[in-house]
Amino acid sequence: MLAASSGTKPGVLLRESPRPTRARTSRTPAPRAAWSKIGAIDLTTSASTTSASTTSSLLGGKAPSIAYSPEWNALSQHTKEVEQLHLKDLLLDEERTDSMIREHNGIYLDFSRQNMTSATLQLLLNLATRAKLRTKMNEMFSGDHVNATEDRAVLHTALRSPRDTRIHVDGEDVIPGVWEVLDKIKDFTDRVRNGEWTGVSGKPIKNVVAIGIGGSYLGPAFVHTSLQFDEKCKEAASGRKLRFLANVDPVDVAKALHQLDPEETLVVVISKTFTTTETMLNARTVRTWLTNELAQLGYKPTDAVAKHMVAVSTNLKLVEEFGIDPENAFGFWDWVGGRYSVTSAVGILPLSLQYGFEKMDDFLRGAHDMDVHFREAPFENNLPVIMALISTWNSTFLGRSSLAILPYCQALAKFPAHMQQVAMESLGKQVSLNGDPLPFKAGEVYFGEPGTNGQHSFYQLIHQGRVVPAEFIGSIKSQQSVYLRGEEVSNHDELMCNFFAQADALATGKSPEELREEGVAPFYVPHKTFSGNRPSSSLLLPAVNPYTVGQLLALYEARVAAQGFIWGINAFDQWGVELGKVLATRVRHSMSEARTKNRPMDVTDGYNPSTRKMINRYLAGKTQQLYPEPRDVFPCDLIATGEGCTAPYEESDDE
C-alpha cells in the first residue's frame, strides 16, 4: 500500500510503509500492482481489443498516473545521487559536456549546466517511453482528438505545413483550407501594401491596429518585436506602423490610437468566436473612433467600417452583424488553440500587413522545420523532447517550481511573456487527462527579462536566493552592429560576454575558500559567497530573423506539448481562466445597476464583505457625469472635433 505523510516532497514517489492490510474494491487497484500487470501496454491507443479490455479490467477504464511507474520511481531514487554532485565538478568532464550538446539546423542547445548526469538523461528517456510520448505525438500530428475535454484535434503544426501535405481531421483534409486562408492573406496584404486597397478617402493604409487578447496578442506582439530591427524586415516595414490593443483599460486604447490618422488606419479584430468581452469592447470603441472621425470628413459609418476594419474569426454571422463584410474575414479552426495561434491568420495577417507575406512565409518555414524535427528525431537528439524532460526533472523531481527565460537579445524581449501564456495556461493543471487529482505538481512559473536588464533586477535572487532553473537564449549575429573605436569588444560582444558569464556564475559559484584566498575580509565572506550548482541551459541561434524566430517558437510550443504528454495532462484546454470571467460578468451587472440607481452595494447584492467594500470604495471615487442623453466620451487628443471628450486630469476632475 502506498502511504504519504503531510511532509512528502511533491514529485517524489510515495514509498511503501507497513500498514494494516485492507480490502480493495476492484475499481481502485493498487497503482503499482496495476503497472506491473500492464507492463509496456500502450494505454493511449485502442488498436488492440485485447489491450483495451485488459486496461479496462485492471483500472476501471483509467490509466494510472505515471507517478506510480517504475521509471518514475527510478528517477525519484536517482535524485539522492544527483544531490551529492556539484556542477563545478561536473563541468570539468569534457566527455559529459559533449554528451549534453545538441544541434538542429543552426539551433545549438547546451544543457551541460543542468543538475544531471548521463544516467539521469537515460532515466528521463525511459520515462518518455513509459509515457508513450511518441504515440501521443503521432496522434497529435495525425489530427486525433488529443484535446479530450473539448473533443478537438490539436493541429497548430498544420498551419505551417507545405501545400502538398495531407492531414485529416474527422475525415477531412485540412491542408487545402489552411492554404486557402494563406493565399487570401497574401492577396489582401499585397493589395494593401501596394496601395490597391485604400481607406475610404482614397489614402493608402499605413497603420494597422490589431485588436485581440491572450494568444491573439502575445504571440503576434512577440514576433513583431523580434523582427522590427532585422534589416530586411525593417526595410519591408518602412513607413508603416503596427500596434496592438489588448487590455480593456482605456489607457491601452489611447496608446494604440495615439497620433494615428484614421484615414490611413486599418483595424484587425481578432476573436475566434467574436464574443471575447475585452476584445469586442475594444473593437466597438475603435469602431466608434473611426466612424466619428471619418464622419467629420463626410463618410458614412458603413463605408468607414467596410474600408477600415477586417476580422480574424470563425463566426461570420457576428462579424457581419458588427458591420464587417464576411469577405474581409480570415478564418481559422477550433483545432487551433489561442496560445498556439500565432502561425494562423491571428498572427500572419497583421504581421504580413507590416512586413509582407514573403517574410511571414520564411517564419512559417522555420516553424515547420522544427515541427519536423520534433516529429521525427530520436528522443535522445530531439531538442523539444530534451527540454521537456529537463523541465520535468527540475520541476517535478527536484522541486523547482519556476523557470527563468533569459533572452540576451532585445529583439526577443516579448518572448518570455508569450511563453508565460503558452506554458502556464497549458501545464498549470491539477488533474490528469482522466480527471484524477495529480499526485505531483505540474507546471512551472515562467518569467523573464532580456539580458543584461534582468541582471540589474532579479538575478540577485537566482544567484543567492531560491534555486531557479534558467534558459539563456543568445544569437551569434546581432540585428544591429555597433563597434566603437577604442572599445575592447563590440556592443553585441559585450552583451554575449554576459550571456556566457552568467551561466557559469550560476553553475560554479564562488566558495568561501576562494574569497579568503583573494583577501576578502571575514565579515564579507558569507555575503559574497555564491553556492553555485544552479541549473541552466543555453540556446544559441545563428541570428534572429523570420526563419529562426519560427524555429524558436515551434521549439517551445513542442516542448510544452511534450511535457503535457509526459505528465498525462491536457496541455490544450484552459478551464482555469473561466471562473474569473463568469464572476466579472456578475460584477458588471451589479455595478451598472448600482450606478443607475445611484446607490452603494449592500449585503443583498450577494458579495462578500471585502469585495462589497472595495466596489463601494471604487464607485465613491468616480466622478459621475450626467448627460441629457447618452453620448460617447473619448480623451480629447483622440478626436478631431474636441466635442464629447474628457479634458486632461490637470485641467479638470471629470473622468
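Just so it is clear, the model here is predicted, and its values are computed rather than measured. (Residues numbered from 1 in each chain as written. Predicted model: local features only at pLDDT ≥ 70, side-chain atom pairs only at ≥ 80, totals over all residues. Heavy atoms only, no water.)

Novice: Just give me the short version of the sheet that holds strand β8 (residues 309-312), but keep the residues and values in it.
Specialist: Read from one edge to the other, the open sheet built from five strands follows the order β6-β5-β7-β8-β9, with strand pairing classed as parallel. At either margin of the open sheet sits one strand with a lone partner, and together these are β6 (241-245) and β9 (329-330). In this structure, β8 lies alongside β9, joined through two bridges in parallel fashion. When the sheet's bridge partners are listed, Val312 is paired in β9 with Phe330. Where helix α9 (residues 215-227) meets the sheet, its contacts fall on β6 and β7 (265-270), and the angle it forms with β6 comes to roughly 150°. (Pairing = 2+ DSSP bridges. Helix = DSSP H or I, 4+ residues; strand = E, 2+ residues; numbered from the N terminus. Contact = heavy atoms within 4.5 Å. Axes fitted to C-alpha atoms, helices over the stretch in contact; angles between N-to-C directions.)

Novice: Now, about the sheet that holds strand β12 (residues 470-475): what can you tell me, with residues and values included?
Specialist: Ordered by their spatial adjacency, six strands build an open sheet running β1-β2-β13-β12-β10-β11, and the pairing between neighbours is mixed. Two strands close off the open sheet at either side, each with one partner strand: β1 (101-104) and β11 (445-448). Between one strand axis and the next, the sheet turns through 15° on average, direction left out of account. Pairing of strand β10 (residues 402-407) with β12 involves four bridges; the strand directions are parallel. Residue pairing in the sheet places Pro407 in a bridge with Ile473 of β12. Seen against the sheet, helix α18 (residues 415-427) touches β10, β11 and β12 and runs at an angle of roughly 175° to β11. Packed on one face of the sheet, helix α20 (residues 491-508) meets β12 and β13 (536-541) and runs near 155° to β12.

Novice: Any details on the pattern of salt bridges? Residues and values, ideally.
Specialist: Under the counting rule described, the total for this entry stands at 25 salt bridges. Linking Asp504 and Arg113 is a salt bridge whose minimum nitrogen-to-oxygen distance equals 2.9 Å. You can see Asp504 sitting in helix α20 and its partner Arg113 sitting in the loop between β2 (107-110) and α6 (118-130), a full 391 residues away along the chain. Between Asp183 and Arg163 there is a salt bridge, with the nearest N and O atoms lying 3.1 Å from each other. Remark: Arg163 occurs in the loop between α7 (133-141) and β3 (168-169) and Asp183 occurs in helix α8 (residues 175-193); sequence separation between them is 20 residues. Relative accessible area serves as the criterion here: at 46%, Arg163 is assigned to the partly exposed category. The network of salt bridges with shared partners includes Glu593, Lys597, Arg599 and Asp605. (Salt bridge = Lys/Arg side-chain N within 4 Å of Asp/Glu carboxyl O. Buried < 20%, exposed > 50% of the residue type's maximum accessible area, 1.4 Å probe, protein only.)

As far as function goes, none of this settles anything; it's purely spatial.
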